[in-house]
Amino acid sequence: MKERDDLLKELEPRLKAIVESALKNHGFTPVREKQQTILPYLDKKPHERDWILYEASCRREKIMFFKILKYAVDYLNIKHNYCGNGRPNAFIDDIIKSHCIRLYSNYSSWRCESELEFARSLGIIEQVYKRSTLLKYLKSPLVTSKLNELYKLIASPIAPIESHLLADASGIGQAYACKRWVEVRDKPEQWRYYRKLHILSGAKTKIVVSCKITEGKCHESPFLPELINERPKEFCPRYISADAGFLSKSNVKAISKAGAIAFIKPKKNVSIPSRGISSAWGSMLRLWKENQDLFAQYYHVRSNVESFFSQYKRKFGFTCRAKSPVSQENEILSKIVCHNAVILARAMVEFNLDVKFMAS
């Protein structure tokens, strides 16, 4: 009996190999092998969230938004230039606060006056300007520069939490008649009716670290080095992920110069340099080729940036109310300020952050 059992043990691997080769020759593949290979990034885990803290942050979101907006704009210390002749200019800090409050409440310029009166009674703004004044200063390049400083200032306290940044771009319609970007992104003839928002966001909190607003027909790849260089100095990322649209040597070099590791999905026909050549481009490609499971774990974090665009468009709309290019840019930047203020308000509850511009 022992001899027979030993003989069967020796024959089992041979018989298995013969059966598998026969199945492959007839066009069949073993199903059992496919079911055993489960990639780590496809193994979905249940979403973990402290619902008590989340409920507390949602209940006080609007109050915290008002406080963060007031302290952040006051921290910029925007000077009021008035020479003493003629009608005085409006206060830019009140203009910026008014636009952010209007867009956070999702009101049009016709219906926002009551909301601004409530904000003045709380001490958030000092003066309620008319609709014509608000729309006039929405076209100002000075407002654009101050909004760029503002959303970065609000994002800077979250720097210790974020070590992984994500890059992507999406279109925002210029009129109510525009369709959603997901419906027209494969139709280049309609891109001229959209503005494109290029962002670098955090993977954990979805905070916007840097952004760039261009015409809808602009490709996202050339703007990645600019987004990386314009991020606040507090952010020192370890990893930066992006999809195949950002694949280029210059982008990988810019990520490496920032002290981070690039995870940009290569294409199938990309040529991998030999091992003797040491560069960030070659290291990324060799990691992708030799250890695809590890590469995929860091690359597929990139899907979190899609949830940012979903959150942004569901809350603030997928179109612009303004008509001129500068006004549209200022409107989108104001919405980014509102988004970052909401994220910071939640992070202050969940992570007990120390916000310097509010302490001052």
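Parameters at a glance
Residues numbered from 1 in each chain as written. Predicted model: local features only at pLDDT ≥ 70, side-chain atom pairs only at ≥ 80, totals over all residues. Heavy atoms only, no water. Helix = DSSP H or I, 4+ residues; strand = E, 2+ residues; numbered from the N terminus. Contact = heavy atoms within 4.5 Å. Areas by Shrake-Rupley, 256 points an atom, 1.4 Å probe, with all protein chains shown as cover. Salt bridge = Lys/Arg side-chain N within 4 Å of Asp/Glu carboxyl O. Buried < 20%, exposed > 50% of the residue type's maximum accessible area, 1.4 Å probe, protein only. Phe/Tyr/Trp six-rings, centres within 6.5 Å; stacked < 30°, edge-to-face > 60°. Lys NZ or Arg CZ within 6 Å of the ring centre and 35° of its normal. Axes fitted to C-alpha atoms, helices over the stretch in contact; angles between N-to-C directions. Parallel < 35°, antiparallel > 145°, perpendicular 65-115°, else oblique. Left-handed = near helix turned anticlockwise from the far one by under 90°. Nonpolar A, V, L, I, M, F, W, Y, C, P; charged D, E, K, R; others polar. Pairing = 2+ DSSP bridges.

**What about the overall build of the chain?**
Turning to step 1, where the next piece is worked out: Looking only at helices and strands, one finds 16 helices and five strands in the chain.
Turning to step 2, where the next piece is worked out: Counted over contacts in the chain with a minimum sequence separation of 6, partners at least 24 positions apart contribute 66%.
Turning to step 3, where the next piece is worked out: Surface accessibility of the chain: about 20900 Å² in total, with carbon and sulfur atoms responsible for 52%.

**Describing the pattern of salt bridges**
Turning to step 1, where the next piece is worked out: One pass over the structure, following the stated rule, counts 13 salt bridges.
Turning to step 2, where the next piece is worked out: Linking Lys-217 and Glu-215 is a salt bridge whose minimum nitrogen-to-oxygen distance equals 3.9 Å.
Turning to step 3, where the next piece is worked out: Lys-217 sits in the exposed class, given a relative accessible area of 58%.
Turning to step 4, where the next piece is worked out: Residue class for Glu-215 comes out partly exposed when judged on its relative accessible area of 44%.
Turning to step 5, where the next piece is worked out: Within the structure, one salt-bridge network assembled from shared partners comprises Asp-168, Asp-243, Arg-302 and Glu-306.

**Side note on the packing of aromatic side chains**
Turning to step 1, where the next piece is worked out: Taken as a whole, this structure holds 13 aromatic pairs when the rule is applied.
Turning to step 2, where the next piece is worked out: Taken together, a centroid distance of 6.4 Å and an interplanar angle of 55° make the contact between Tyr-75 and Phe-357 tilted. Of the two residues, Tyr-75 is situated in helix H4 (residues 61–76) and Phe-357 in helix H16 (residues 356–359); the sequence distance between them amounts to 282 residues.
Turning to step 3, where the next piece is worked out: Connected via pairs of aromatic rings, a cluster forms that spans Tyr-239, Phe-263, Phe-295, Tyr-298 and Tyr-299.
Turning to step 4, where the next piece is worked out: The aromatic ring of Trp-110 is capped on one face by Arg-131, whose charged end is 3.8 Å from the ring centroid.
Turning to step 5, where the next piece is worked out: Lys-196 extends its terminal NZ or CZ atom over the ring of Trp-191, reaching a point 5.7 Å from the ring centre.

**Overview of unusual backbone geometry**
Turning to step 1, where the next piece is worked out: Non-glycine residue Asn-77 carries a positive phi angle of around 55°.
Turning to step 2, where the next piece is worked out: Within the fold, Asn-77 resides in the loop between H4 and helix H5 (92–104).
Turning to step 3, where the next piece is worked out: The exposed category is assigned to Asn-77, whose relative accessible area is 58%.
Turning to step 4, where the next piece is worked out: The backbone of Asn-106 sits at a positive phi, close to 60°, despite the residue not being glycine.
Turning to step 5, where the next piece is worked out: Inspection of the secondary structure puts Asn-106 in the loop between H5 and helix H6 (113–121).

**With respect to the environment of Phe-351**
Turning to step 1, where the next piece is worked out: Inspection of the secondary structure assignment puts Phe-351 in helix H15 (residues 325–351).
Turning to step 2, where the next piece is worked out: Phe-351 sits 298 residues away from Leu-53 along the chain, and the two C-alpha atoms are 9.8 Å apart.
Turning to step 3, where the next piece is worked out: The contacts of Phe-351, once residues within four sequence positions are left out, are Ile-161, Lys-204 and Thr-205.

**Observations regarding the packing of H4 against H5**
Turning to step 1, where the next piece is worked out: The contact between H4 and H5 brings their axes to 10 Å, and the two run at 155°. Overall, the two elements H4 and H5 adopt an arrangement that is roughly antiparallel. H5 is crossed by H4, and the crossing has right-handed handedness. From H4, Glu-61, Lys-62, Phe-65, Phe-66, Leu-69, Lys-70, Val-73 and Asp-74 reach across to H5, where they touch Asp-93, Ile-96, Lys-97, Cys-100, Ile-101 and Tyr-104.
Turning to step 2, where the next piece is worked out: Of the residues contributing to the contact of H4 with H5, the split by class is eight nonpolar, no polar and six charged.

**Here we look at the environment of Arg-180**
Turning to step 1, where the next piece is worked out: Among the structural elements, Arg-180 can be located in the loop between strand S1 (164–173) and helix H9 (181–184).
Turning to step 2, where the next piece is worked out: Among the residues examined, Arg-180 registers a relative accessible area of 43% and is labelled partly exposed.
Turning to step 3, where the next piece is worked out: Remark: the alpha-carbon pair of Arg-180 and Phe-318, spanning 138 residues in sequence, is separated by 6.7 Å.
Turning to step 4, where the next piece is worked out: Once residues within four sequence positions are removed from consideration, Arg-180 is found in contact with Tyr-194 and Phe-318.

**Regarding the sheet that holds strand S5 (residues 261–264)**
Turning to step 1, where the next piece is worked out: Taken in spatial order, the five strands line up as S3-S2-S1-S4-S5 in an open sheet, and their pairing is mixed. Unpaired on one side and paired on the other, strand S3 (208–215) and S5 mark the two borders of the sheet. With strand direction ignored, the average angle separating the axes of adjacent strands in the sheet is 20°.
Turning to step 2, where the next piece is worked out: Bridge analysis of S1 against strand S4 (residues 239–242) gives three bridges, and the strand direction is parallel. Note on S4: the bridge partner recorded for Leu-165 is Ile-240.

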